[in-house]
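Topology and contacts: notes
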Amino acid sequence: MNDFNEYVRECFSAVGETVIKSMMGGYLVYLNGKLIGDIGGNELFLKRTPTSDRLLADSELRYPYEGSKTLMHVFDKFEDKDLIAELLKGMYAELPERKPKKAKRK
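To keep things clear, this report deals only with the structure shown in the data block. (Residues numbered from 1 in each chain as written. Predicted model: local features only at pLDDT ≥ 70, side-chain atom pairs only at ≥ 80, totals over all residues. Heavy atoms only, no water.)

Once that is clear, we can look at the pattern of salt bridges. For the structure on display, the rule yields seven salt bridges. A salt bridge links Arg 48 to Asp 53, with the shortest nitrogen-to-oxygen separation between them at 2.9 Å. We classify Arg 48 as partly exposed; its relative accessible area is 41%. Using a relative accessible area of 28% as the deciding quantity, one classes Asp 53 as partly exposed. For Glu 86, the salt bridge identified is with Arg 54, shortest N-O distance 3.6 Å. With Glu 86 in helix α3 (residues 81–94) and Arg 54 in helix α2 (residues 50–55), this pair connects stretches of sequence that are 32 residues apart. Glu 86 sits in the partly exposed class, given a relative accessible area of 41%. In this structure, a network of salt bridges that share partners links the residues Glu 43, Glu 60 and Arg 62. (Salt bridge = Lys/Arg side-chain N within 4 Å of Asp/Glu carboxyl O. Buried < 20%, exposed > 50% of the residue type's maximum accessible area, 1.4 Å probe, protein only. Helix = DSSP H or I, 4+ residues; strand = E, 2+ residues; numbered from the N terminus.)

A few words now on the pairing of strand β2 (residues 26–31). Of all six residues in β2, five are buried, a share of seventy percent or more. Taken together, the six bridges between strand β1 (residues 18–23) and β2 define a ladder with antiparallel strand orientation. Among the inter-strand pairings, Thr 18 is bridged to a residue of β2, identified as Leu 31. What sits between the antiparallel neighbours β1 and β2 is a turn of two residues, in which Met 24 has the positive phi angle 50°. As paired strands, β2 and strand β3 (residues 34–40) are joined by five bridges and run antiparallel to one another. Within β3, the residue paired with Tyr 30 across the bridge is Leu 35. If you look at the hairpin formed by β2 and β3, you'll find two residues sitting between the two strands, and Asn 32 has a positive phi there, around 50°. (Pairing = 2+ DSSP bridges.)

As a further point, take the packing of aromatic side chains. Taken as a whole and judged by the stated rule, the model has five aromatic pairs. Relative to Phe 78, the ring of Phe 4 lies with its centre 6.0 Å away and its plane at 90°, an arrangement referred to as edge-to-face. Remark: Phe 78 occurs in the loop between β6 (72–75) and α3 and Phe 4 occurs in helix α1 (residues 3–12); sequence separation between them is 74 residues. The interplanar angle of 65° and the centroid separation of 6.1 Å between the aromatic rings of Phe 12 and Phe 75 together place this pair among those described as edge-to-face. Placement of the pair is Phe 12 in helix α1 and Phe 75 in strand β6, with a sequence separation of 63 residues. With respect to class, Phe 12 is no different from Phe 75; both count as buried. Through pairs of rings, three or more aromatic residues link up here, namely Phe 4, Tyr 7, Phe 12, Phe 75 and Phe 78. Between Lys 21 and the ring centre of Tyr 30, over which it is positioned, the NZ or CZ distance is 5.1 Å. (Phe/Tyr/Trp six-rings, centres within 6.5 Å; stacked < 30°, edge-to-face > 60°. Lys NZ or Arg CZ within 6 Å of the ring centre and 35° of its normal.)

See the structure below:
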């Protein structure tokens, strides 16, 4: 894991368990088991929810990777711990529960 990923994990871990998993050349960011965003290069992209749209209204919206169908917020306010806490708690409440894995057939 690179330094940027570790920095994101440290900043977000005050709100909940933050796990970053390698996926398709980038990384997926999970908070307490829910997917909240992507990391590509040294940029963090957060999913759009009512809370992120409200709190990050001035952030740039971009596609996190080529071929992505989802515009996401580019997040760069890592020093603002109060914003991070409000943002992540609101996003977590608004994002759907993780779908259970299907049982493997024998």
